[in-house]
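# A structural walkthrough
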Amino acid sequence: EVQLVESGGDSVHVGGSLTLTCAASGFSFDDYSVGWLRQAPGKGREGVSSLSSDGLIYYSDAVQGRFTISSDPAKSMIFQQMNNLLPEDTAVYYCAPIIWLQTGPQRMINALHVWGHGTRVTISS
């Protein structure tokens, strides 16, 4: 059974920092990239970051230079350090095993189609 439990979201001011944590189970980090997606109010989910088992890292243009993804495969944990937060970072953040598609508007997708409850990040000015 695949389970994903996100934590660490909070309400902070512009310029603040947060660390998100994901406790994952039911799949091997050797089989999939892991990553974070987010959903802002009224919008669909968008890929934010990913980390492959061989160390390849992706960040969306919106978060490049501000967010850092990492993992601890031995503990099945995924992390995302978020610095210099902006109002447009306001969203519910989800972790997931990742598959990359060659085409389409959303190339980064949840490989196993199981979602946690997410963790809510709110940035205020």
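What this report covers is the structure whose coordinates are included nearby. Since we're looking at a predicted model, the values are computed, not measured. Within each chain, residue numbers correspond to sequence positions counted from 1 in written order. Restriction of local features to residues with pLDDT of at least 70 applies here, the model being predicted, together with a cutoff of 80 or more for giving and counting side-chain atom pairs; totals for whole chains, interfaces and linings are based on all residues. Hydrogens are left out, water is left out, and the side-chain values use all remaining heavy atoms of the structure.

## Observations regarding the packing of aromatic side chains
Classification of ring pairs rests on two measures: the distance between centres of Phe, Tyr or Trp rings, Trp counted by its six-membered ring, which must be within 6.5 Å, and the angle between planes, read as stacked under 30 degrees, edge-to-face over 60 and tilted in between. Applying the stated criterion to the full structure yields four aromatic pairs. Ring centres of Tyr-94 and Trp-115 lie 5.6 Å apart, and the angle between their planes is 75°; on these two criteria the pair is classed as edge-to-face. Here Trp-115 lies in the loop between strand 10 (108-110) and strand 11 (119-124) and Tyr-94 lies in strand 9 (residues 91-100), a separation of 21 residues in the sequence. Think of it in three bands: with a 1.4 Å probe and only protein chains considered, a residue is buried below 20% of the maximum accessible area for its type, exposed above 50%, and partly exposed in between. On the basis of relative accessibility, which here comes to 9%, the residue Tyr-94 falls in the buried class. Each ring is checked for a lysine NZ or an arginine CZ that lies within 6 Å of its centre and within 35 degrees of its normal; such an atom marks a charge sitting over the ring. Seen from the ring of Tyr-94, Arg-45 lies directly overhead, with NZ or CZ sitting 4.2 Å from the centre. Above the plane of the ring of Trp-115 lies Arg-45, whose end atom (NZ or CZ) is 3.8 Å from the centre. Put simply, DSSP H or I for four residues or longer makes a helix, DSSP E for two residues or longer makes a strand, and each gets a number counted from the N terminus.

## Some remarks on the state of the cysteines
Cysteine sulfur atoms that come within 2.5 Å of each other are treated as a disulfide pair. If you walk through the whole model with that rule in mind, you get one disulfide. Each sulfur of the disulfide joining Cys-22 and Cys-95 lies 2.0 Å from the other. Negative torsions about the S-S bond denote left-handed disulfides, and the value of about 60° found for Cys-22 with Cys-95 makes this one right-handed. Linking Cys-22 in strand 3 (residues 18-25) with Cys-95 in strand 9, this pair joins segments that are 73 residues apart in sequence. Comparing Cys-22 with Cys-95, the two get one shared label, buried.

## Things to note about the pattern of salt bridges
Between Lys or Arg on one side and Asp or Glu on the other, a salt bridge is scored when a side-chain nitrogen of the former is within 4 Å of a carboxyl oxygen of the latter. Applying the stated criterion to the full structure yields three salt bridges. Residue Asp-89 pairs with Arg-38 through a salt bridge whose shortest N-O separation is 2.9 Å. Of this pair, Asp-89 sits in the loop between strand 8 (77-82) and strand 9 while Arg-38 sits in strand 4 (residues 33-39), placing them 51 residues apart in sequence. The same class applies to Asp-89 as to Arg-38, namely buried. Residue Arg-66 is joined to Asp-89 by a salt bridge in which the shortest nitrogen-to-oxygen separation is 2.7 Å. One end of the pair, Arg-66, is in the loop between strand 6 (57-59) and strand 7 (67-72); the other, Asp-89, is in the loop between strand 8 and strand 9, with 23 residues separating them in the sequence. Judged by its relative accessible area of 12%, Arg-66 falls in the buried class. Judged by its relative accessible area of 0%, Asp-89 is buried. Put simply, Arg-38, Glu-46, Arg-66 and Asp-89 are held in one network by salt bridges that share partners.

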